[in-house]
Every structure is written in structure tokens, then in C-alpha cells.
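Single-letter residue listing:
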Amino acid sequence: MGSEGYAPLFETRKAKGRFLYRMLAASMFLGICLIWAYRVIHIPTEDGRWGWIGLLLAELWFGLYWLVTQASRWNPIYRSTFKDRLSQRYEKDLPAVDIFVCTADPVIEPPIMVVNTVLSVMAYGYPQEKLGVYLSDDAGSELTFYSLLEASHFSKHWIPYCKKFKIEPRSPAVYFSLTSHLHDADQAKELELIQKLYEEMKDRIETATKLGRIPEEVLMEQKGFSQWDSFSSRHDHDTILQILIDGRDPNAMDVEGSKLPTLVYLAREKRPKHPHNFKAGAMNALIRVSSKIRNGAIILNVDCDMYSNNSHSIRDALCFFMDEEKGQEIAFVQCPQNFENITKNELYSNSLRVISEVEFHGLDAYGGPMYIGTGCFHRRDTLCGRKFSKDYRNEWKRESIKTEESANELQESLKNLASCGYEEDTQWGNEMGLKYGCPVEDVITGLSIQCLGWKSVYLNPARKAFLGVAPTTLEQTLVQHKRWSEGDLQILLSKYSPAWYGLGRISPGLILGYCTYCLWPLNSLATLSYCLVPSLYLLHGIPLFPQVSSPWFLPFVYVILTKYSGSLAEFLWSGGTLLGWWNDQRIWLFKRTTSYLFAFMDTILRLLGFSETSFILTAKVADEDVSQRYEGEMMEFGGSSPMFTILATLAMLNLFCIVGVVKKVGLDMEVYKTMALQILLAVVLLLINWPLYQGLFLRKDNGKMPCSVTVKSVLLALVACACSTFFH
Ligand SMILES: O=c1ccn([C@@H]2O[C@H](COP(=O)(O)OP(=O)(O)O[C@H]3O[C@H](CO)[C@@H](O)[C@H](O)[C@H]3O)[C@@H](O)[C@H]2O)c(=O)[nH]1
Ligand SMILES: [Mn+2]
């Protein structure tokens, strides 16, 4: 292989124990086939026929879906990089990197959080003069702009401090919260100074936010604010563009006399009649504007809440892109989405643990993970629609744009690139840049890149590259998953469907990998059937599962045990806790009966032309008492979302069925023996729904279920029980 003396910049290892896993999976599949056989052979002719068929369909679906999920477990791989080799070979020729940070609402995404993210990426362990940091503000908020201006001043102190003491992480807020006692007296002194500067900046930003007004002297001093003169609302304004630090300017120095990164604020033009395409539109405007400023060969994209937690990640990513043998086919390097606000037992199961630690390593073997919107390094060329060819060579040494224009002139000339009309009659949003029209612009864009022949790579170093903010209430969690699952299902039905467009373009393993997520919404129907049918038939004394003494009982037990011990093992192995796994099972149920159901219905409505793409932002801050309940891992039900009504109704229905049965048969053990699995299922549902009963009847705090939901759910459940008497 390779040229003489070639030492790769990264290495790939296969997971151990693959053979064992595959044997287990094969035995599991055998069990599933036996269950299918049992269902088909024993379809009852009278009592229980419809329920039986409902379960048959659900089990068929679950079995097939389980097969699909095996792709991401079949062949996991792990990557590691050699950053010292990168430095040895390329330190002088490292490419310019443009970093895009997106924000969209100064209330939901507080400016102080946004600037912490910005500062963390400005301070990467990378030649600062090669970095360009671009903040896209879809709210066009003067406050965010002001905060970025403050950050540009603070960065002159912050970056040298980070470099001098090699600190991690480089988000000031997080760093200060983690650092109290320093042994080194020198550093302790400097820490005190820098922390004071930070607190002062924070004060100014928070005061401005509170008053909703920017200090007069700053308004006078910074000409950029005049761009708000023609601003009517966040949905109606001209392009606002300000180069706050011009990296070309020889005076752009930090306090130690080293070069600073370029720093740009952009609020693209918005007009009420003009679809702005959410984050995809923002990213495309940034791609164009940045191409005329630094034109970095690599683009890093982060959400405004995802600070860099590892100052080496750019170098890690470059080890993939710049590897002489395998680098040329890699289009993007994706890091996992990790979060800093996950509680120990992750009540809402928001750590995405198993996806990050298991499934994405599996996808990596088949052509690489999906692009998931944040923590992703792209080759600029491929993000702009370039096809893969064997002779493709990236030109790393591209010169940064040399112009004689001053920052001001340049600024004016660039505004047009972010105007509403610019994309008319162009391929932007289609063949170029991020794709429009899908609530998960990231996944569909990544897929289309892979379909052009490119690979992606999964970078998951021990020190997490990025940490973000996960939803902290049940409703937000369910709404976020509705957006994701709806978007993923749309992809399956779109022109770029992995199922047909992907055929022959990406590997079969990767097609299945995508389908794991694209099929999420369809799980709702099978899950509903499994939550409703067995309980209702239990109430009417009709058995739907084999008796304990029947040989058919065995495959059921085997599949249940293998499936759940496997999932528990995966969860623990990914760093979770036992209780965390139990919570995960609950959220699994909640998502399937609400988020996925709504996603499924909305997708159908969309196909019929009744509904439009929307994007509900995830809140990054919460009220004091909501936060407290989150910290205490107490579920939040405040609010009368229809999703809660569904959850509560299902829980009540199950409760009624259990109570009904116990009342009817008392302690007649024979009945329980013939319906052991049905009873087990009902009891497990009862246990898993426990927080719901608490929220409905036992709690007094503000996070309890609203009374209206309690009343509705009790009534609905009673009606359902009554109706079921006629239909079974
Ligand atoms: O009109 C918009 C809407 C959103 N955003 C930004 O998009 C990012 C993601 O929004 P968030 O509310 O945090 O959604 P999440 O569900 O947490 O985001 C995940 O899922 C999204 C797709 O649904 C991707 O866009 C994100 O990158 C990915 O992290 C944030 O930085 C927003 O500021 C915009 O810039 N403009
Ligand atoms: Mn987010």
C-alpha cells in the first residue's frame, strides 16, 4: 500500500466481539420468525380476531424495523487521529477554516450564551489568522449584535489567556464555572483579571438585554448600528453585515500582539413574502458571504448553544481531510451531539447516548454518519454541490481573497449576497448549499452529498468536541422529536429518498442506517396497537399471547429478554445509568405515541398540500422553578399540549383495564396463567407510566398535569373502554 514511508494521519479500528454479536442477532431473528409463525398459524376465527391481527401487524413491523436497526450494529468502527504528524507535515500550510454559528432568537437563545459559543470557537488551538467566525442572526437583533461587539473586545484578552495556559474548555462561562482553585500563582492572578473582564462584559450585555436598549455611547461609536435605521421587524429588514474584526487588518491584534480571527455579524435580508428557509437559508447566505472574505477550504458549522469543548477538534478533523491516501474522498467530518445539561438519569432521554456511542460508529463503516447540523466540518467544495471524482484534489494552499477594498467597502459589496432576491433562478437550496424545504436540512444535505459519491467520517474523541443544550421539558423534547422524525420521514418520501435515490449511490448498509431514522414515525402505529390492544382484551378476558405452558411461550420470552438485556447493555456501555435506561424506555414510548404519531399525520397532510414546513426552536433557557424540577428529575407537564392528552389517555386506559380485570376475576390464578404475558405488558405499562399518574393525581406543584388534561383523559379512556366492548 501507499508510497514509501507514508504514515497515515488517521487510523480505523474494527470493534471487537462482532462475531458474538452476530450470532446473538441471528438467534434473535429466529425468535422473531417463530413469533410471526405463531401469530399466523393461530389467528382466531371469532373472539379476538381483530386484536390478533392488530398485534400480528405490529409484530411484523417491529421485527422488520429491528432488522433495519441491525445495520448500524453489524460492523462498528472507531477512528483515531495523529495530530502530531499533521503538525510535522502541514503546520505552515494549514488551510483557512470558516466557522458558522447560527442563532435565531435573542429570547430563546440568550446573547450571552451565543457569545460564549463564539468565543470558544475563536480561541481554537489553531493559527488565529486562519480562522473566520461568522454569526448568522435570523432575528436581526441589535442586542445580539451589541453582544458580539462586546465579545470582539473581550476576545483580545481571552484568546491569549487560553493559549498561554492551554485551558479547556474555551467557553469563558463554562471555564469559570469549572475553575476555582489554581495552584500556579501567576495563573491565579491572571484568572482573576480575566474573570473580572468577563463579568463586566456579562453585566453590560445583561443590562442591555434587560433594558432592551444599547448604551448611547456605544451607539455613537460603532457605525454598524446605523444599519438598524431601516429595520422594521425581524421578518422585514435589509441585510445587516458588519465585519467586526478584519483579519486582513494589520492592527487586528490581541493584547499580546498576535493576530486575531476574522469576526463577522450577518443578518440576511428578510421580507415577509419571501420564504427564508430557516437555518438552511442562513447557512447558504453565510457560505456566499464568507467565500468573499476568507474563503476557508473547511467550514465548521455549530448551533449557537454548542460551544467548543476541545480546542484540538479542528486539527482532528484536518487529519481526515488532509490524509494523503484516504482524505480526498471525505466530504464531511461529523462529531456527536453531546450536551452539558444532562442530568444523571436523563429524565427525557436527551443524551442521544446510544446513537452517539453505538449507531454512528456503525454507520461509519458503511460510508459515514449523517450530517446532523452541528459539530460538523465540511469541505467547502462539497457543500457547494461538487461531485466526487477520483482525480479530485483539494487546493489547500488557496490564497485568502486579496482585495484593496477596505472592510467598509467590502461590507457594502457583500450585502447583495445575502439579499432575498439573490437566489432566484439559481441552484442554491437545490444543487448548491444546504437543501431547502425540509425541517432537517442537515440530514437531507448530508445524504445528497453522500449520493454524489463522497464519504463522511465520524469523529468521537474521548474529550467531547462540542457540548450543547438539550431540551429541559417533556413538551420541548416531544416537539423536537416531532420536527426531527417528520423531517426524516419527508426525506424518505422525497426525491433524495435513501430507499430509491440512494440505491446504487450509497451502500446498502448506509441505506438501512438512514432508514432507522427515516422510519421513526411509522413506529407510532405499531406501538399504539401494542399499548391498546392487549390491555383492552385483557379487560374482556380474551388471551392474545401463548399460555405459560405452551412451547410458543418460549420465543416470546427469548425475544423480550434478549431485546431488553441487549438494549440495557448498550445503554450502560454508552455511559448511562440503570435508571437512565428505564427513563429511556419511557421516553421511547412517549415519543412513539405522540411525536411520531403527529409527525406521521403531518407528513400525510403535507403530501395532501394542507400543511407547510415550520421550525419550532428549542428553548435554551427555562424559568427558575422549571429548571429546579429538571435538576431534580421531576417530569414537567405544565401546559395543555394535545400530546399530553394522548399520553394521559393511554395511561388511564391501561389503569382502567387493570382495575377492571382485578375486580372481575379477583385472585383466580388460572386466568392469570392463561394471560401471563398480557398481564406483564399491562403491569410494565403501569410502572413506566408512573410519572404520568403522579402528574395527574398526586402532584401539587406547577409542573403537574393541568386539570383540563386530567378530565379529558379520564373521559376519553372511559369512552374507549366502553366502545371496546362492542368491537372485540
Ligand atoms: O430560522 C431558523 C431556525 C433555526 N436556526 C438555528 O438552527 C439551530 C438549531 O435550532 P434548535 O432550535 O436548537 O434545534 P435542534 O433540534 O436542537 O437542532 C438540531 O436539528 C436541526 C434540524 O431540525 C438542525 O438544524 C440543528 O443543527 C440540529 O442541532 C439553532 O442554532 C438556531 O438558531 C436558524 O438559524 N434559523
Ligand atoms: Mn439545539
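As the structure is a prediction and not an experimental result, all values here were calculated from the model.

### Comments concerning the pattern of salt bridges
Taken as a whole, this structure holds 31 salt bridges when the rule is applied. With a closest N to O distance of 3.7 Å, Asp138 and Lys270 form a salt bridge. Within this pair, whereas Asp138 is found in the loop between strand 4 (131-137) and helix 5 (142-165), its partner Lys270 is found in the loop between strand 6 (262-267) and helix 9 (278-291), the two being separated by 132 residues in sequence. Classification of Asp138 as buried rests on a relative accessible area of 9%.

### Examining the UniProt feature "active site" (unreviewed entry) in the chain
Taking the UniProt record as the reference, the feature "active site" (unreviewed entry) is found at Asp138 and Asp442. Leave out the neighbours within four places in its chain, and Asp138 touches Thr103, Ala104, Arg234, Arg268, Lys270, Phe278 and Ala282. Within the local environment of Asp138, its side chain forms a polar contact with the side chain of Arg268, the two groups lying 2.9 Å apart. Here Asp442 lies in helix 14 (residues 441-451).

### Here we look at the sheet that holds strand 13 (residues 466-468)
Spatially, 3 strands are ordered 8-13-10 in an open sheet, and the strand pairing comes out mixed. Single-partner strands in this sheet number two, and they are strand 8 (307-308) and strand 10 (338-339). Pairing analysis gives 2 bridges linking strand 10 to strand 13, with the strands arranged parallel. In the strand pairing of strand 13, Asn338 is matched with Leu467.

### Here's the deal with the packing of aromatic side chains
What the rule picks out here adds up to 38 aromatic pairs. Ring centres 5.6 Å apart and planes at 90 degrees place the aromatic pair Tyr38 and Phe556 in the edge-to-face group. Linking Tyr38 in helix 1 (residues 18-41) with Phe556 in helix 18 (residues 553-573), this pair joins segments that are 518 residues apart in sequence. With a centroid separation of 6.3 Å and 65 degrees between ring planes, the pair formed by Tyr530 and Phe545 is classed as edge-to-face. Of this pair, Tyr530 sits in helix 17 (residues 523-539) while Phe545 sits in the loop between helix 17 and helix 18, and the two are 15 residues apart along the sequence. Each member of the pair Tyr530 and Phe545 is classed as buried.

### Some remarks on the nonpolar core
Within the largest apolar cluster, 166 residues are counted, with the highest numbers of intra-cluster contacts made by Trp158, Phe321, Phe377 and Leu474. No other element matches the 12 residues that helix 5 contributes to this core. With residues near it in sequence (within four places) discarded, Phe321 still touches Ile298, Gly327, Ile330, Ala331, Phe332, Val333, Phe377, His378, Arg379 and Trp396. Among the nonpolar cores identified, the runner-up in size contains 29 residues, and Ala280, Ile287, Leu434 and Trp454 belong to it.

Cut-off values and rules
- Residues numbered from 1 in each chain as written.
- Chains lettered and ligands numbered in written order.
- Predicted model: local features only at pLDDT ≥ 70, side-chain atom pairs only at ≥ 80, totals over all residues.
- Heavy atoms only, no water.
- Salt bridge = Lys/Arg side-chain N within 4 Å of Asp/Glu carboxyl O.
- Helix = DSSP H or I, 4+ residues; strand = E, 2+ residues; numbered from the N terminus.
- Buried < 20%, exposed > 50% of the residue type's maximum accessible area, 1.4 Å probe, protein only.
- UniProt positions renumbered as here; feature names shortened; annotations may be inferred.
- Contact = heavy atoms within 4.5 Å.
- Polar contact = N/O pair within 3.5 Å; in protein donor to acceptor, adjacent residues only side chain to side chain.
- Pairing = 2+ DSSP bridges.
- Phe/Tyr/Trp six-rings, centres within 6.5 Å; stacked < 30°, edge-to-face > 60°.
- Core = buried A, V, L, I, M, F, W, Y, C linked by side-chain atoms within 4.5 Å.

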